[in-house]
Amino acid sequence: MSNLNILVVEDEDAIRDMLIMALGQSDLQVTAVASAEEALRILADQNIDLIVLDWMLPGISGVELARRLKNDASYKQIPIILLTARAEESDKVRGLEIGADDYMTKPFSPKELIARIRAVIRRTGKLDDTGQLTIGDLILDASQHRLTIAGQTMDVSPTEFKLIQFFMSNPDKVYSRTQLLDQVWGRSVYIEERTVDVHIRRLRKILAEFDREDLIQTVRGFGYRFSLTG
Ligand code: CA
């Protein structure tokens, strides 16, 4: 599970500190903030793999943030686990209706939360427990920063690695250059759209050495798609 970046949004200091420690000890990277507004800034800037989100927050509430993220093409694929002090069944239903992937009632054990994080990550098709992502004969090992195709190691730069990691985490979907910039480079970085094309070209060139350049397909007038089936 290493290399997974978990965003914790919780305004209660004690719970936030407890989560930072518990998640950190289980080999997860943690970014913790106290409000939805701060969470939005982090999301614009970092690749977040999962959000642990408190329901009741000052300012924009956790539920409202979850609703916004699930309606935003750039963020809706990020899994969300909602934390709440309420135990009513109707709240649970509401949380899941707005698109939260799981739900925990306070007080909860950090161990239980970590188990839920692992389950949600597995279910949503991100890295498995070994930190590997497998699509066909392509294996990406995030912890070792290694990409192999049919057992052969591919030599890719950090940016191309991030790009193919994003594609392998989100196969068969079309992404515009702007969406790829947001997802792979982060929103706050100013980079021209053609930079995306440059890196796509490099990635294809590397894949071409293995006769697999067709994995990254150009969707005319829109962007790119990663798919095993042309
Ligand atoms: Ca709270």
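About the thresholds
- Residues numbered from 1 in each chain as written.
- Predicted model: local features only at pLDDT ≥ 70, side-chain atom pairs only at ≥ 80, totals over all residues.
- Heavy atoms only, no water.
- Core = buried A, V, L, I, M, F, W, Y, C linked by side-chain atoms within 4.5 Å.
- Buried < 20%, exposed > 50% of the residue type's maximum accessible area, 1.4 Å probe, protein only.
- Helix = DSSP H or I, 4+ residues; strand = E, 2+ residues; numbered from the N terminus.
- Contact = heavy atoms within 4.5 Å.
- Axes fitted to C-alpha atoms, helices over the stretch in contact; angles between N-to-C directions.
- Parallel < 35°, antiparallel > 145°, perpendicular 65-115°, else oblique.
- Domains from an automatic or database assignment.
- Buried area = accessible area lost by both parts, 1.4 Å probe.
- Salt bridge = Lys/Arg side-chain N within 4 Å of Asp/Glu carboxyl O.
- Polar contact = N/O pair within 3.5 Å; in protein donor to acceptor, adjacent residues only side chain to side chain.
- Nonpolar A, V, L, I, M, F, W, Y, C, P; charged D, E, K, R; others polar.

> Got a minute to help me understand the nonpolar core in this structure?
Generally speaking, nonpolar side chains in soluble globular proteins are found buried as a group. With 30 residues, the main nonpolar core has Met168 and Phe226 as its most contacted residues. Listed by contribution, the elements that provide at least two residues to this core are β6 (132-135), β7 (138-141), β8 (146-149), α6 (158-169), α7 (177-185), α8 (193-208) and β12 (223-226). Per-element tally for this core: the top contributor is α6, with six residues. Setting aside its immediate chain neighbours within four residues, Met168 contacts Leu133, Thr134, Ile135, Leu138, Leu140, Leu147 and Phe226. Membership of the second largest hydrophobic core comes to 25 residues, among which are Val9, Ile42, Leu53 and Leu69.

> Sorry, what's going on with the packing of α7 against α8 here?
Axis angle and axis distance: for two packed helices, these are the angle between their axes and the distance between the axes, and together they describe the pair. Interhelical geometry of α7 versus α8 gives an angle of 75 degrees and a closest axis separation of 9 Å. When the interaxial angle is binned, α7 and α8 end up roughly perpendicular. Residues Arg177, Thr178, Leu180, Leu181 and Trp185 of α7 form the contact with α8, whose participating residues are Glu193, Val196, Asp197 and His199.

> What exactly am I supposed to notice about the domain arrangement of the protein chain here?
For an interface, size is often stated in terms of accessible area lost upon the parts coming together. In terms of domain boundaries, the protein chain breaks down into domain 1 (5-123) and domain 2 (132-226). In this structure, domain 1 and domain 2 have C-alpha centres spaced 27 Å apart. Between domain 1 and domain 2, the buried area comes to about 750 Å², and carbon and sulfur atoms account for 29% of it. Together, Asn47, Ser74 and Gln77 form the three largest contributors to the area buried by domain 1 at its contact with domain 2, with a combined 53%. Scanning the region where domain 1 abuts domain 2 turns up zero salt bridges. On the surface where domain 1 and domain 2 come into contact, there are two residue pairs in polar contact (both at pLDDT 80 or more). Here the residues of the side of domain 1 that touches domain 2 sort into three nonpolar, three polar and two charged.

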